[in-house]
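One-letter residues, chain by chain:
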Amino acid sequence: MAHIPAASLGNKNKKHFLGVPAPLGYVAGVGRGATGFTTRSDIGPARDANDVSDDRHAPPAAKRKKKEEEEEDDEDLNDSNYDEFSGYSGSLFSKDPYDKDDAEADAIYESIDKRMDEKRKEYREKRLKEDLERYRQERPKIQQQFSDLKRNLIAVSEEEWSNLPEVGDSRNKKQRNPRAEKFTPLPDSVLSRNLGGEAQSAIDGRSGLASMIPGVATPGMLTPSGDLDLRKIGQARNTLMNVKLSQVSDSVAGQTVVDPKGYLTDLQSMIPTYGGDINDIKKARMLLKSVRETNPYHPPAWIASARLEEVTGKLQMARNLIMRGCEQNPQSEDLWLEAARLQPPDTAKGVIAQAARRIPTSVRIWIKAADLETEPKAKRRVFRKALEHIPNSVRLWKAAVEMENPEDAKILLSRAVECCGTSVELWLALARLETYENARKVLNKAREKIPTDRQIWTTAAKLEEANGNIHMVEKIIDRALSSLGANGVEINRDQWLQEAIEAEKSGAIKCCQAIVRAVIAIGIDEEDRKQTWIDDAENCAKEGAYECARAVYGYALIEFPSKKSIWLRAAYFEKNHGTRESLETLLQKAVAHCPQSEVLWLMGAKSKWLAGDVPAARGILSLAFQANPNSEDIWLAAVKLESENAEYERARRLLAKARASAPTPRVMMKSAKLEWALNNLEESLSLLEDAVKVFPDFAKLWMMKGQIEEQKELLERAAESYNAGLKRCPNSIPLWLLLAALEEKRNLLTKARSVLERGRLKNLKNPLLWLAAIRIEIRAGMKDMAHTLMARALQDCPNAGELWAESIFLEARPQRKTKSVDALKKCEHDPHVLLAVSKLFWSERKLQKCRDWFNRTIKIDPDFGDAWANFYKFELQHGTEQQQKELIERCNAAEPKHGEEWCKVSKDIANWCFKTEEVLKAVVRNLPTPI
């Protein structure tokens, strides 16, 4: 048997896994149920250096302190401080340090919360508003609960109201406290009369009556034994009253010694008028004192100090301060004037006299001295003394002259112009006081002394005009411009025009015209002349200088004789501000220079016609025919002239000639209208049938044809005419309205609605078609449908005043005011809305507001006849006769032509000869009073 070495045996017994790394997740002994363990040497010490120390072995005092802190923490975190939604009320991390990361986190969370809050804000406010409204509905106020009972108080009569018991009524007191006893003191007359048939002047202290007298038999009080003498008590009382009265009465006549007015005045003087902080006053006083001490020769510091004391009610201290300031600064006129102001009038005279001695050359001091005097003689004496010291003061000379009569003033002014030769005012004042010859000499001297002033020249021109030397006026103005230019004075056109306006206001008409002609062309470019002169004329007219404006127009027409626009402006100016003669004179010149201008011919003819001179008007129109042989306007004007004067045959002949020479749609329409007005319906229809063949696109011909057929009760033919007209003129709104009205008249409401619907499709966003549809529903009694249509109409035409005006009165009375506010927001300057608001105030009987709004309406649109008619009806009910006359005059001047109610009357063929006033009164008769 072979020998085996021991080393090999050792290697054989060695396990194969020794020295090999353990597999992943291997735990030693886990297979036999053993668990691993860790010692302190493996993991190091159990506590960190920053951990809280273990106090198990601490002394008892430290343990007790630790326990109290833990109890405080537990109080913050117990169940009573816990809320399901917000958690613990205390902070869980209040003991931890608050670093930058915490601050940044808090800022982020705060911004997130703010953002989330903004998202929910609108919903939360809406929810809060709804909750509040619901709460007010569920729990109304006491005042709201009794509102229905308050309305029933109307039925309570005055007698029932007076019989109601007061809150403090005796019956109520008795019911509240039935057991209460009443004690009424007896008067002396009862006590002193006979008791038991025997006169008694004293009562027994032990009797029950004694208890009625205070202090006589009061329990707990010592009362004198024996009887009480009532007469002595009354005498003592009277004596005491006399002593009190004598303290405030006079021993002579019994009048009061206290003067109530003086007493209140003294009290007022004791109350400081300054209402600010007392510390501010002290600071200001110290600062001003420092300024005065630092620089006592600074007058504003003394004035400020005195005014501070005056404001705080210390008037005497203010006077003392200002006088000390005058001593320090005797040459300061401001200090002396302030001292005179603070002193009473008598003392002020002495102060101002002292000031005049110190500063004899101060104009303000002398003026103040004159103001302090009450008598005119003393004032004159002061002024003359002042002029001795200051002979070159224009202000003193003017003040002194104003105190004198004309003769003495003339003497003073003669001396004044010697001392103050450069004062234009003094020279002009002297010239006004002198005679014509002397005034001319004075003005010549003034021109020598002051060769650069234009007022002297214009005064000279006015002087010549006032004395009848008209030919000299223009020469003086021309010499003025040349002389001023030679002396280096710039000719300012605007200043000279203003001088012309002033000359007209003073009555110097020739002077103002001469100035305008002399300076109107200075400094204007060639191409700007026309517009500049028109603007000048309009500005002069705005300032009321009509002669200046007339002069501007005259010069412009000389430079531009063929400009129709200037002639028209001048004609309108004469129509508004001139006379009939001046207008006709101007128009004669105008048609001579502009014979092709039809407007000028027509204005001339109308002026003659309005004056009642019909032959002259015919003459002008005949001349106009020669200048404009085929003018439609002149033909129609001639027809109107003849028809207005009842010359119908001449009008027919003129229209026949016009149809032959100038067959226009208007001529055909006027021809048919004349026959219609004269009730020749067959002739009128014949003319219209011929006209619509030649002029099928003229909507008024179709309208007249249909209306005449309606008048003849040929409704089917009228409908055919309207439909034929709408095929050729689908954009004519009056045609659609006439057809709809005809269908409604035939009781075909569905067809009328259909017509208006087709009209709205052809003419989008048209408020008149919407309004007609709404009114059809109202007349048919379909108010809900009218409201629906109105809502659609206002969406389609949000700025239509006609619709908003109708919507106001479509609402119930309580909602009309709100609707009117909405209407004014959308259509602030629409006359229909303003008229509706006026009628609303009328229905509420707010008369002055109603009148103001009516005036506002006719001012915005004077052509709106409905406003004039409603205003006149209002004045008939609530105005005076004078107001009614003024309104008719204003209406005639405005000559309104439009308006729904106005056109119903004015377009009615039966009223074709009505003047404006007649139309106004006819409209008023058909208008309802707003309710």
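The coordinates are above.
Residues numbered from 1 in each chain as written. Predicted model: local features only at pLDDT ≥ 70, side-chain atom pairs only at ≥ 80, totals over all residues. Heavy atoms only, no water.

Undergrad: Looking at this structure, how should I read the overall build of the protein chain?
TA: Scanning the protein chain from terminus to terminus reveals 50 helices and four strands. A total of 931 residues make up the protein chain; the buried ones form 34% of that total. Here the analysis covers contacts within the protein chain between residues at least 6 apart in sequence; of these, 50% occur between residues at least 24 apart. Taken as a whole, the protein chain presents about 60,200 Å² of accessible surface, with 53% of it coming from carbon and sulfur. (Helix = DSSP H or I, 4+ residues; strand = E, 2+ residues; numbered from the N terminus. Buried < 20%, exposed > 50% of the residue type's maximum accessible area, 1.4 Å probe, protein only. Contact = heavy atoms within 4.5 Å. Areas by Shrake-Rupley, 256 points an atom, 1.4 Å probe, with all protein chains shown as cover.)

Undergrad: Sorry, what's going on with the environment of Ser684 here?
TA: In this fold, Ser684 is placed in helix α36 (residues 681-694). Given a relative accessible area of 0%, Ser684 falls into the buried group. Counting along the chain gives 20 residues from Ser684 to Met704, while the straight-line C-alpha distance between them is 9.2 Å. Dropping the residues within four chain positions of it, Ser684 is found in contact with Ala672, Glu675, Trp676 and Ile708.

Undergrad: Whenever I open this one, the pattern of salt bridges confuses me. Can you help?
TA: Pairing between side chains of opposite charge can happen when their charged atoms approach one another. Applying the stated criterion to the full structure yields 44 salt bridges. Across the pair Glu584 and Lys608 runs a salt bridge, and its minimum N-O distance is 3.0 Å. Here the residue Glu584 occupies a position in helix α30 (residues 580-593), and Lys608 occupies one in helix α31 (residues 598-610), the gap between them amounting to 24 residues. Comparing Glu584 with Lys608 shows no difference in burial state: the two are buried. Residues joined by salt bridges that share partners form a network here, namely Arg307, Glu310, Glu338 and Arg341. (Salt bridge = Lys/Arg side-chain N within 4 Å of Asp/Glu carboxyl O.)

Undergrad: Would you take a moment to explain the state of the cysteines for this structure?
TA: Counted according to the given criterion, the structure contains zero disulfides. Of all cysteine sulfurs, the one in Cys548 lies closest to Cys512, which takes part in no disulfide; the gap is 4.0 Å. According to the relative accessible area criterion, Cys512 is buried, its value standing at 0%. (Disulfide = S-S within 2.5 Å.)

Undergrad: When you look at the side chain of Ser607 in this model, what are you seeing that I'm missing?
TA: Note that Ser607 resides in helix α31. Using a relative accessible area of 8% as the deciding quantity, one classes Ser607 as buried. Every residue in contact with Ser607, bar those within four places of it in the chain, is listed here: Arg580, Leu583 and Glu584.

Undergrad: Would you mind going over the side chain of Glu709 with me for this structure?
TA: Summarising the element assignment, Glu709 is placed in helix α37 (residues 699-711). Glu709 gets classed as buried once you look at its relative accessible area, which sits at 0%. Each residue touching Glu709, except ones within four places of it in the same chain, is listed here: Leu685, Leu714, Arg717, Ala718 and Ser721.

Undergrad: Hey, could you run me through the packing of aromatic side chains in this one?
TA: Aromatic ring pairs are reported here in terms of the distance separating the ring centres and the angle at which the planes meet. One pass over the structure, following the stated rule, counts nine aromatic pairs. Ring centres of Trp533 and Phe560 lie 6.0 Å apart, and the angle between their planes is 55 degrees; this geometry places the pair in the tilted category. Here Trp533, found in helix α27 (residues 529-542), pairs with Phe560, found in the loop between α28 (546-559) and α29 (564-577); they are 27 residues apart in sequence, far enough to count as distant. Since its relative accessible area comes to 1%, Trp533 is described here as buried. Centre to centre, the rings of Tyr553 and Phe573 are 5.7 Å apart; their planes meet at 50 degrees, and the pair counts as tilted. Residue Tyr553 is located in helix α28, and its partner Phe573 is located in helix α29; the two are separated by 20 residues in the primary sequence. On the basis of relative accessible area, Tyr553 is assigned to the buried category, the value being 7%. (Phe/Tyr/Trp six-rings, centres within 6.5 Å; stacked < 30°, edge-to-face > 60°.)

Undergrad: How do you make sense of the nonpolar core when you look at a structure like this?
TA: What tends to happen in soluble globular proteins is that the nonpolar side chains get buried as a cluster. By size, the foremost hydrophobic cluster in this structure holds 129 residues, and its most contacted members are Ile365, Leu396, Val516, Trp533, Cys548 and Leu600. Listed in part, the 84 residues of the second largest apolar core include Ala719, Leu756, Ala786 and Ile808. (Core = buried A, V, L, I, M, F, W, Y, C linked by side-chain atoms within 4.5 Å.)

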